[in-house]
Structures are given as structure tokens and as C-alpha cells.
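What follows is the residue order along each chain.
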Amino acid sequence: DCQDTLDGIQLIWTISDPFTSYWATMVLAALLSRQNVLFVAPNANSDIDKEAETLNKRILLGLKGADSGQTGTIEGLVGGLLREKGSSATSSSGSDLILLVTSSTLESILCSNHGTTAKEHFGALLGALSSHHRALMSMLQSPISLIIENTALMLHVISTQSPDTSRAIRDDSLSSAVILHHFHSAVFSPLEGQRYLSRYLCSLWFSGPSDCHEKRLLRRMIPNGFMAYLKMPLLSQAEEDQLDELEQGGIEAPSTTTQRFVLETGGGTNTKRLRSRISMAASAGTTDSQPENFRIFFHVMTRDHALPDLIWNQQTRRELRIALETELQSIHRVTEARGGRDKIAWNHQQFTVRYPSLRDEVQVGNVYMRLWLQAGDGFMKSWEDPSGLFELLFRRLLGELDRDTAVTNMCVRCLERLYAIHWARIGVFPDIMILVHSMSQTRSIETQHRILSLVATLLGVTDDLDRKGVINVPDNAEQLLNGECINLLCQFVAWGHTSTAQVANMLTSEVGGGSTMASTTLNDEKDDLLAGKRVMDSSGPAVWFVARGGQIPPDSKSIRGPFRVSELAGMMRKGEIHPHSLVTSLHTEDYSADNSSEDSGGE
């Protein structure tokens, strides 16, 4: 009945006057949507509104172009969006208004009111916008927050409905550095609405498998401890509101550079309005994967943390902000010199954020060992991959042995504690003999006793059954049943007879109630033989006797002594005693008169 009106609608896209074009587009938007671009609520009788909207969309979106210069509605909307986007770049206020109305109309058809859009028209419009996704990405640079919101919602639907286009959108976000710009705003913008909008966009681009380019970029920018928060269950609306309250006033005062970046991306976003629109648009997209929790992810970035896998504070946030703003300034200079973002390609694979404040923290894998040793057992038990961490700690131990005693001992302590809690998951440790060799070769007495304590834990020997439980891995002990290992352990047993507290036998000191670990280490920088001689001569009395091997008990005439430990070392260097010699710290003139094996301390 209104053919003349329909013919007129198809001529909207030929209007050149901005004022007339704006109001003509507004009329079309009112016909296609129950809500106009100002988001006025629909009439109370929503069923009638919905029925009328469905009918209007079916008629208007079904209009096709003709030879008389008329343009179909879908082609006209998409074409008008692209045309006004280009005009808006020349700072035309009229073009901005038309772009606002056109983008709001398209968003309503695809997202907010997609339920009244026929499938064939939904698919046709989706395909048309997908082929021009680069134009949509450039609209994210608009200073008008509503245009950015509309674009973000349309990009969300396109990404969930078209996987191929989604990949292209992500590539564009990387090459144009838009993803970096919004990541900066998501963390450091002082405006709540801007943070929410940028976080929403980041959740679209950073979502994906762990090996995608976006995830790799994210891991190069922030400590890996943040990644675990993405796997947390999604929050309820009440919980999100609580996080919003916690963040109010918790964002650092922005620098001049931060303020400029915020103004460039439109800081006037209304959080409640955008959250409502996202909820309405969510059902338009379909995805089989579990969404990642970027809401809690960005929130924890605003808090301080001192965890075994995450150190984050005001200083690290400042270092991140400086690195991001320095890179964005560099991109901005190149963009101005080349004449636009479409003329550059950001080398995101070379961008990494360094944290000087964390340089002195000893880290193995994703673990800061200082905080790992301070953490409670509950945190230890929740560790997802104890076997992988155990392997990394063992490799670091071998690499630092006798190079950095402090790091070596920290590794041994971490290994011991990790195995005591996760022995059932780690299972057999096949390299115990490497530990035994390391124990015999290291020049640090403290490291020797640390490793000996670790070996004891691997074998299930502990005095703390209530805390560590019973460790039962028989195959660990099987590896030590050989002559070489027994010989080395016997040597340590023999050394234990010499004034244990004075030669820094920390294990015996701890059992006796003392805690002298920190004060009983030798200086590894000194010559080992001279240091050993000085300690033994001053603390070890002459209590050692030696005899020829081959006969047990030995002939009393072959027994020599008593000697100090330093003197035994000199005799070993001269070849006077060897591994088969008999050594004891007790001397009995007539062995035949004493048959008790407890009184003979022979080797």
C-alpha cells in the first residue's frame, strides 16, 4: 500500500545533503527498530511492537536495488556505513551523526533485536559486513563512544558466526596495534566506562587457544601467573558489581600520555548501558568453547599480589604502563609519518615487556622460589603440574651447582618440599644417583646436607610424618643399592663422627633442636683444601685410627693413629690410605677380647 514510500527509502543513499540524509536515516532506523538510536524504551505493548518490527524488517530488508539508481536496504546500510566512515575521517560532524545512526541500526538488526530479523536477511547482512571488517575495525578509532560500542557488538557477532572472519579480525587488531591500545585502556584508563569497553574488546581478541598470536602477545606483556585467572568460573552479576565497587578509586592517577590515549578512544561509555546491550547481543552469537574469565583477569591486575607464581604491585604496574605507552607513542609517530594506520603493520612478535623490579627474583619456570618456600601447604597441593615443576627445579639445580650456592640450596629445598607433598603424582625419580654424585662433588657443606636431606625425603625417611605423610616409592631406594653409592654414604657416615656441630652438620643440629643453618656454611670462594684443613684442625681432635685392609679385625700391629681428619686427607693424597683401608674412630688393642660389633667402629 505504500509503494511510493518504499521507492523513496531506496533513494535515501543518494541524498547528498548531510541534514536531509541524517533525518532520512533516522526514519529508516525508527521503522526497523523498536528502539531508536537514543535507546528510548519501546511501548508497553511489546508484543505488538515486536510483530510490527518483524514485519517492517521483512519488507524493508527485502528491498532490492533496481536499474533506476535505487539501492537495496542492506546494500544501502552497509554502503552508507562505509561512505560515512570515510567522511568522518575528515572531521565532518554531520558524517559522525549519520555514522552513529547507521551503526546503531545495523547493531539493532544483528545484535540487540536480532530476534525479529529473518534468517536470510541476518545472513545477508552478516556476509556484507564480514567482507568489510577492516572498515569496522577502523571505526574503533572514533571519538564517539556509541559508535565504538556499536562496532564492538557487531564485531562480536561476526566473530562468533564466522570463524574465518574472526581470524582476519584478530590479525587486523594485531597489525594495526588496536589490540595494544585497548589493552592499555583496559588496565589504566581512569574512566570506568572506557575500561569496561576496552576489556570487552580485549576479551574478543585475546580469546583463543594458548598458542595463538594474541595469547603469545599477552604472555609477553604480563607475568604468566595471571593466565590462571582466565580459567576461573564466570562471575554472577552481583559479583561483578562488587568488583566494580572495589576498583572505584583504585586506579592510579593517569599520566598526560594516558589521558591522551583515553580521549582518543572515547571515554564517555556508560557501563550499565553497555552491559545491558552486551547481554542482549550475547544470544546472537554462538560458541562451543567455554568463555574465558577476562572480568576477573583484568580486576586482579589492579590489585597487589605476592604469590609463588605472581609478583604484582604498584612498581610492576608502572613498568607495564611505561612500556605500553612508549610503544604506542612510537606507533603513533610512524602512523602520522605514513599517513594512517592502514599504511603500517605493527611487529607485535618483537614486543616484550621487561620488569626490572623482578630481575633479582630467582625464578624457575613460573615459580618465584623465595615465595614458593614461604607458601602454605594448601597452595602447594593445588599446583597443577608438580612433575613438570620438579623437572625444571632439578635442571636448575644441576646448572647452578657450585656456581651459585644460594640458588642451588633454594632449588634443593623446593624439590624436597614439592616431593614431600606430591610424591604420589611425581612417582619414581630416576636420577637419584646424580644427586648422590652431586653431593659428593660439591664444595659447599650446606649443599651436601641439603641434598642428603632431599635424598632422605625421596626414600621416605622423615621425622615429620604428620605434615609430610608416609612416602612409599620403593624404586627410589632400589637405585641406591650399589657399591658406589654405599661407599659414598659410608664416607658421610664417617664424617658425621667428627664433632658434628662444629663441622656444620646441620641435620644433626636440627634434630637436636638447634638451628644453625645460616651460620654453618664455608665460604665457597676460599680454597677448599685450606678451608677444610683449618676447620678440621681447630675442631676435630685426633681420634682416627687406620689399618691395612684385607683382614677384619686387623692385626693390632698394623693399626696407626690417632690422626686428625686433615692428616687423613694428606695420607690419602700421598696414597698411604685408599678406599680399601680400614678407618675407625675407636681403638681396641685386643679385638679378640671384644666380640661386640657395636664397639668396633670399622668401615
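Predicted model only: the values in this text are computed from it and were never measured.

S.K.: Give a detailed account of the overall build of the protein, specifying residues and quantitative values.
M.R.: Per the secondary structure count, the protein includes 29 helices and 7 strands. Sorting the 603 residues of the protein into buried and exposed places 47% on the buried side. Taking contacts inside the protein between residues at least 6 apart in sequence as the whole, the part at least 24 apart equals 73%. Summed over its atoms, the accessible surface of the protein is roughly 30000 Å², and 53% of this surface lies on carbon and sulfur atoms.

S.K.: Any chance you could break down the environment of V546 for me, citing the residues and the numbers?
M.R.: Counting through the fold element by element, V546 comes out in strand β5 (residues 544-547). As a C-alpha pair, V546 and R560 span 14 residues in sequence and 5.4 Å in three-dimensional space. With residues near it in sequence (within four places) discarded, V546 still touches S558, I559, R560, F563, L568, M571, I577, L582 and V583.

S.K.: Which residues make up the packing of helix α10 (residues 178-188) against helix α17 (residues 314-338), and what values go with them?
M.R.: For the pair α10 and α17, interaxial distance at closest approach is 10 Å and the crossing angle is 145 degrees. Crossing of α10 against α17: the hand is left-handed. Along its contact with α10, which presents L180, H181, F183, H184 and F188, the element α17 presents R317, L320, R321, L324, E325, E327, L328 and I331. Residue classes in the contact of α10 with α17 are distributed as 7 nonpolar, 2 polar and 4 charged.

S.K.: Could you give an account of the sheet that holds β5, naming the residues involved and the relevant values?
M.R.: Read from one edge of the open sheet, 3 strands run β6-β5-β7, paired in antiparallel fashion. Each of the sheet's edge strands pairs with one partner strand only, and the pair in question is β6 (560-563) and β7 (582-584). Between one strand axis and the next, the sheet turns through 20 degrees on average, direction left out of account. Looking at chain direction, β5 and β6 are connected through 2 bridges and run antiparallel. What sits directly across from V546, in β6, is R560. Each of β5, β6 and β7 touches helix α29 (residues 565-574); the most contacted strand, β6, lies at about 130 degrees to it.

S.K.: How would you summarise the packing of aromatic side chains if you had to cite specific residues and measurements?
M.R.: In this description, a pair of aromatic rings is defined by centroid distance and the angle of the planes. Evaluated as defined, the whole model comprises 16 aromatic pairs. For the pair F294 and F297, a centre-to-centre distance of 5.8 Å together with 75 degrees between the ring planes defines the contact as edge-to-face. Of this pair, F294 and F297 both sit in helix α16 (residues 294-300), 3 residues apart, which is roughly one turn of that helix. Given the relative accessible area of 0%, F297 is considered buried. Ring geometry for W312 versus Y355: centroids 5.8 Å apart, planes at 70 degrees, classification edge-to-face. Taken as a pair, W312 in strand β2 (residues 310-312) and Y355 in the loop between α17 and β3 (363-364) lie far apart in primary sequence, 43 residues in all. We classify W312 as buried; its relative accessible area is 0%. A residue is classified by how much of its surface remains accessible, and Y355, at 13% relative accessible area, is buried. Through a chain of ring-to-ring contacts, three or more aromatic side chains come together here, namely F183, F206, F226, F294, F297, F298, W312 and Y355.

S.K.: Residue-level account of the packing of helix α21 (residues 405-426) against helix α23 (residues 445-458), with values.
M.R.: Two numbers describe how α21 lies on α23: the axes approach to 9 Å, and their chain directions differ by 15 degrees. Between α21 and α23, the angle is such that the two are roughly parallel. Considering how the two elements wind past one another, α21 and α23 form a crossing that is left-handed. For the pair α21 and α23, the contacting residues are T405, T408, N409, V412, R413, L415, E416, Y419 and A420 in the first and E446, T447, R450, I451, S453, L454, T457 and L458 in the second.

S.K.: Describe the nonpolar core, listing the residues and the values that go with them.
M.R.: With 88 residues, the main nonpolar core has L129, F183, M221, I222, M301 and L320 as its most contacted residues. Among the elements that take part in this core, helix α8 (residues 145-161) stands out by supplying 9 residues, more than any other. Among the nonpolar cores identified, the runner-up in size contains 39 residues, and M369, C411, L415 and I432 belong to it.

How each quantity is defined
Sequence order sets the numbering: in each chain, residues are counted from 1 along the sequence as written. Totals for whole chains, interfaces and linings use every residue, but because this is a predicted model, local features are given only for residues with pLDDT of at least 70 and side-chain atom pairs only at 80 or more, for both listing and counting. Each side-chain value is worked out from all heavy atoms of the structure, with water and hydrogens disregarded. Every helix listed is a DSSP run of H or I at least four residues long, and every strand listed is a run of E at least two residues long, numbered separately from the N terminus. Summary of the burial criterion: residues with accessible area below 20% of their type's maximum are buried, those above 50% are exposed, and those between are partly exposed, where the area comes from a 1.4 Å probe applied to protein chains only. Pairs of residues are marked as contacts when any of their non-hydrogen atoms sit within 4.5 Å. The protein chains shown are the only cover counted for residues, whose accessible areas, like all others here, come from Shrake-Rupley with a 1.4 Å probe. In this description, a line fitted to the C-alpha atoms serves as the axis of each element, helices being fitted only across the stretch in contact, and the angle between N-to-C directions of two axes falls anywhere from 0 to 180 degrees. It is the rotation of the near helix from the far one that decides the hand of a crossing: anticlockwise by less than a right angle makes it left-handed, clockwise makes it right-handed. Three residue categories are used. Nonpolar comprises Ala, Val, Leu, Ile, Met, Phe, Trp, Tyr, Cys and Pro, charged comprises Asp, Glu, Lys and Arg, and polar comprises the others, including Gly. For two strands to pair, DSSP has to find at least two bridges joining them. Note on aromatic pairs: the rings of Phe, Tyr and Trp (six-membered ring only in Trp) are paired at centre separations within 6.5 Å, and the planes decide the class, stacked below 30 degrees, edge-to-face beyond 60, tilted for the rest. Should an angle fall under 35 degrees it is called roughly parallel, over 145 degrees roughly antiparallel, and 65 to 115 degrees roughly perpendicular, with every other angle called oblique. Buried Ala, Val, Leu, Ile, Met, Phe, Trp, Tyr and Cys residues that are joined via side-chain atoms within 4.5 Å together make up what is termed a nonpolar core.

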